[in-house]
Amino acid sequence: MKISRRKFLIGAGAVGALGAGAVVTPMMRREGTLIQTQSRAQHVVGTEGPLPKQSDVVIIGAGIQGIMTAINLRERGLSVTICEKGEVGGEQSGRAYSQIISYKTSPEIFPLHHYGKKLWREMNARVNDDTSYRTQGRVEAIATDKELATVREWIALNSEDPGFDTPLKTRIIHGEELAARLPDAQTNWEIAGFEEDAGSVDPETGTPVLARYAQRIGVKIFTNCAVRGIETEGGKIADVVTERGNIKTSSVVLAGGIWSRLFMGNLGVDLPTLNVYLSQQRVSGVPGAPKGNVHLPNGIHFREQADGTYAVAPRIFTSSIVKDSILLGPKFMHLLGGGELPLEFKIGPDFLSSFQIPTSWNLDEVTPFEKNRIVTATQNNEHLDAVFNRMKREFPQFEASEVVERWGAIVAPTYDELPIISKVPQYPGLVINTATVWGMTESPAAGELTADLVMDRKPVINPTPFDVTRFS
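For the structure given in this document, a descriptive report is provided here. (Residues numbered from 1 in each chain as written. Predicted model: local features only at pLDDT ≥ 70, side-chain atom pairs only at ≥ 80, totals over all residues. Heavy atoms only, no water.)

### A short note on the sheet that holds strand E24 (residues 430–434)
Taken in spatial order, the 6 strands line up as E10-E3-E2-E14-E24-E23 in an open sheet, and their pairing is mixed. At either margin of the open sheet sits one strand with a lone partner, and together these are strand E10 (220–222) and strand E23 (420–423). For this sheet, the mean angle separating the axes of adjacent strands, direction not counted, is 15°. (Pairing = 2+ DSSP bridges. Helix = DSSP H or I, 4+ residues; strand = E, 2+ residues; numbered from the N terminus. Axes fitted to C-alpha atoms, helices over the stretch in contact; angles between N-to-C directions.)

### Details of the pattern of salt bridges
A full pass over the atoms with the stated rule returns 27 salt bridges. Between Lys291 and Glu304 there is a salt bridge, with the nearest N and O atoms lying 3.4 Å from each other. With Lys291 in the loop between strand E15 (276–283) and strand E16 (293–296) and Glu304 in strand E17 (residues 300–304), the pair connects residues that are 13 residues apart, well separated along the chain. With its nearest N and O atoms 2.5 Å apart, the salt bridge here joins Arg470 to Asp416. Of the two residues, Arg470 is situated in the segment after helix H15 (439–455) and Asp416 in the loop between strand E22 (403–411) and E23; the sequence distance between them amounts to 54 residues. Residue Asp416 is classed as buried on the basis of its relative accessible area, which comes to 17%. A single salt-bridge network, built from bridges that share partners, covers Arg40, Glu204, Arg282, Asp307 and Glu405. (Salt bridge = Lys/Arg side-chain N within 4 Å of Asp/Glu carboxyl O. Buried < 20%, exposed > 50% of the residue type's maximum accessible area, 1.4 Å probe, protein only.)

### Quick word on the sheet that holds strand E5 (residues 134–135)
The 3 strands lie next to each other as E4-E9-E5, forming an open sheet whose pairing is antiparallel. Each edge of the sheet is formed by a strand with only one pairing partner; in this case those strands are strand E4 (99–100) and E5. The pairing of E4 with strand E9 (residues 199–200) spans 2 bridges and is antiparallel. Following the sheet pairing, Ile100 is matched in E9 by Gly199.

### Things to note about the pairing of strand E11 (residues 227–233)
Side chains on a regular strand alternate between the two faces of the sheet. As paired strands, E11 and strand E12 (residues 236–242) are joined by 6 bridges and run antiparallel to one another. Looking at E12, one finds that Glu233 is bridged to Lys236. Here E11 folds back onto E12, and the loop between the two strands holds 2 residues, one of which, Gly234, carries a positive phi near 60°.

### Overview of the environment of Val139
Within the secondary structure, Val139 is located in strand E6 (residues 138–141). Here Val139 falls in the buried class, since its relative accessible area comes to 1%. In the structure, Val139 is positioned 212 residues away from Phe351 in sequence and 39 Å away in space, judged by C-alpha atoms. Residue contacts for Val139: discarding those within four places in its chain leaves Ile173, Leu178, Arg181, Leu182, Ala192, Gly193, Phe194, Asn293, Val294 and His295. (Contact = heavy atoms within 4.5 Å.)

### Some words on the packing of helix H3 (residues 64–75) against H15
Where H3 contacts H15, the axes come no closer than 8 Å and their chain directions differ by 45°. With respect to H15, the element H3 is oriented oblique. Judged by the twist between their axes, the crossing of H3 over H15 is right-handed. In this structure, H3 contributes Ile64, Gln65, Met68, Thr69, Asn72 and Leu73 to the contact, and H15 contributes Gly439, Met440, Ser443, Pro444, Ala446, Gly447, Glu448, Thr450, Ala451, Val454 and Met455. Among the residues making up the contact of H3 with H15, the classes are represented as 9 nonpolar, 7 polar and 1 charged. (Parallel < 35°, antiparallel > 145°, perpendicular 65-115°, else oblique. Left-handed = near helix turned anticlockwise from the far one by under 90°. Nonpolar A, V, L, I, M, F, W, Y, C, P; charged D, E, K, R; others polar.)

### Observations regarding the packing of aromatic side chains
Under the counting rule described, the total for this entry stands at 14 aromatic pairs. Ring geometry for Phe302 and Phe395: centres 5.9 Å apart, planes at 90°, overall edge-to-face. One end of the pair, Phe302, is in strand E17; the other, Phe395, is in the loop between helix H14 (381–394) and E22, with 93 residues separating them in the sequence. Comparing Phe302 with Phe395 shows no difference in burial state: the two are buried. With 5.2 Å between their ring centres and 70° between their planes, Phe351 and Phe355 make a pair best called edge-to-face. One end of the pair, Phe351, and the other, Phe355, are both in helix H12 (residues 349–356), 4 residues apart, so they sit about a helical turn from each other. Take Phe351: its relative accessible area is 29%, and that puts it in the partly exposed class. Cluster of aromatic residues (ring-pair linked, three or more members): Trp259, Phe263, Trp361 and Phe369. Lying over the aromatic face of Tyr97, Arg303 brings its terminal NZ or CZ to 5.9 Å of the ring centre. Of note, Lys392 hangs over the ring of Phe388, and the distance from its end group to the ring centre comes to 4.2 Å. (Phe/Tyr/Trp six-rings, centres within 6.5 Å; stacked < 30°, edge-to-face > 60°. Lys NZ or Arg CZ within 6 Å of the ring centre and 35° of its normal.)

### A look at the side chain of Ser93
If you trace the backbone, Ser93 turns up in the loop between strand E3 (80–83) and E4. Not counting residues up to four positions away in its chain, the partners in contact with Ser93 are Gly63, Ile64, Pro203, Thr207 and Met440.

### Overview of the nonpolar core
Among the nonpolar cores identified, the biggest contains 43 residues, and Trp120 and Leu210 are the most heavily contacted of them. Among the secondary structure elements, those contributing two or more residues to this core are strand E2 (57–60), H3, E3, helix H4 (110–121), helix H5 (123–127), helix H8 (203–216) and H15. In this structure, Ile230, Phe263, Ala412 and Tyr427 belong to the second largest nonpolar core, which totals 41 residues. (Core = buried A, V, L, I, M, F, W, Y, C linked by side-chain atoms within 4.5 Å.)

### Looking at unusual backbone geometry
Non-glycine residue Ser98 carries a positive phi angle of around 70°. Positionally, Ser98 belongs in the loop between E3 and E4. If you check the backbone angles, Asp456 has positive phi at about 55° while not being a glycine. Inspection of the secondary structure puts Asp456 in the segment after H15. By relative accessible area, which is 58% here, Asp456 ends up exposed.

In structure tokens, the structure reads:
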């Protein structure tokens, strides 16, 4: 059983929407356009000086997946170099909603989340620093008998042997316990799923703190250093080519987020991912507000941050119609039906721009990565206003709350809703860790799994569901 992310996973579905006679004018007026931007993550000073001539492993991308992978590899004794085209956590890793949960995840995803939660609970002690992680519990109210049955079934299934010497701590709550989790709620919520060991990480803090730990243990992180490609000798990886020069290596990890498809396309490998835009905001805390993480069926979603502010997500997604909407349409079309998350389509400047981005280049040429150091989507203020107003109506104490910050974000899922954590058969020595829409939750487990693949160790988690060959 999957946590439903159906409707928002379809940049390609726009093709079908247009064919069905969708109204074009509202689609042109919607917010959500790709822009150059500044990082909202805490600044991390990159490694100074020239690139190393050689490194056991070179990681492409200093988002949360790249940083977690680097930590695991370095703690195992390898020399590790990260090359990042922009800033540490500059794109989605500094903009995520960042709830740390496993609630209702599919059998394929559950191990990444259950183990990821365990590792997050140990993370502050591991790095001897405050990543902002907090175990805070998460309430998701249940509105129908059908949903209640589904939740009970999921709890029963995953309680039997969740793995990693860690029990499942998710249960049904009601009555006074539920009321205490939702103080002064205006809706009479009768029953909910409560994930006791769910957590929260503030993305603007978590990724930079972990990056600084990686540096302390010897990882080199070169920012504003785009990787243009790789070179091989005898069919195996020999060099990573960057805008600053080459690094000799036999192992490369691609953790490029939304840019992974473009990078692999230049190597002749198709990663079927599509970009989807979303909006986030942070509002001030108020006395008497619910603690922890709250998800309500009437479209209210928020989590408490370490500083007492609240991250608030409208959970409405925008699929901007681009070149890949046409190329990948048939593969994503099945996701149009059903689902609980609203999807809007957008026609705008991204469509023409997508045809202007080079999809192939020589390694002595300036690449799109050097021209797009930090990129995100503009936020949809209408969506953000609406969810904040719903939040105030449901919990009147938030009437005194104010917006602190708003931003746009982008994720790039696959059509089967699973990440790609995999060796690449065509390029021995290359491992991919990308395409997750649960990046913050999964990153500790995904980083460890990626390190296992790089070092040919027995994987901590079965990697088969995440193998890139499933798209062949």
